[in-house]
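Examination of the molecular architecture
Take a look at the letters that make up each chain.
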Amino acid sequence: MTRLPYGIAALCIRDQDLQIPGVPFGLEEPIPVTIRQVQLCVPLKTGPVSVLFVFMTEDLYHWAQYLEVLSGIMKSVSAEQPRGENTPEAAGLEAGGTEKPA
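Note that the coordinates shown come from a computational prediction; the quantities given were computed from them, not determined experimentally.

Each value, and the rule that gives it
- Residues numbered from 1 in each chain as written.
- Predicted model: local features only at pLDDT ≥ 70, side-chain atom pairs only at ≥ 80, totals over all residues.
- Heavy atoms only, no water.
- pLDDT = per-residue confidence, 0-100.
- Helix = DSSP H or I, 4+ residues; strand = E, 2+ residues; numbered from the N terminus.
- 1 Å grid on protein atoms, 1.4 Å probe; cavity = no way out; pocket = protein on both sides within 12 Å on 5 of 7 lines; lining within 4 Å.
- Points joined across faces, edges and corners; volume = space filled by probe spheres on them.
- Nonpolar A, V, L, I, M, F, W, Y, C, P; charged D, E, K, R; others polar.
- Pairing = 2+ DSSP bridges.

Here's the deal with the confidence of the model for the protein
- The predicted model of the protein has a mean per-residue pLDDT of 79, with 71% of residues at 70 or higher.
- Ranking the helices and strands of the protein by mean pLDDT puts strand 1 (residues 10-20) first, with 92, and helix 1 (residues 63-76) last, with 88.

Spelled out as structure tokens, the structure:
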């Protein structure tokens, strides 16, 4: 795996076998399915907190393509405070949220 721009992150991938009730599909028996899930826990620089990204799919055939997309998304995540001309601070506006700086 490629090193992410914000440092070390914990990655967990698991397969889970489930029984989906068949009644909604007009079947008497449950339908066996396998779900693959990836969890990526990313620590934040702002303190002892982290963000958990989760992706699940039943489409295991395209798993490699999903990982490519997820890899691009995770590489684009930044833990840095946005700065620049397109930020509310640059426009003289308050963020208006409930979060306050420490």
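And the narrative resumes.
Digging into empty space enclosed by the protein
- Taken as a whole and judged by the stated rule, the model has 1 cavity of 30 Å³ or more.
- If you add up the space inside the largest cavity, you get close to 30 Å³.
- Forming the boundary of the largest cavity are Arg14, Asp15, Gln16, Ile35, Gln37 and Met56.
- When contributions to the lining of the largest cavity are tallied by element, the ones reaching two or more residues are strand 1 and strand 2 (31-43).
- Counting residues per element, the lining of the largest cavity draws most heavily on strand 1, which supplies 3 residues.
- Class assignment of the residues belonging to the lining of the largest cavity gives a composition of 2 nonpolar, 2 polar and 2 charged.

Re the pairing of strand 3 (residues 50-57)
- Where strand 2 and strand 3 come together, 8 bridges link them in antiparallel fashion. By the bridge assignment, Val38 is partnered in strand 3 with Phe55.
- Following strand 2, the chain reverses through 6 residues before pairing antiparallel with strand 3.

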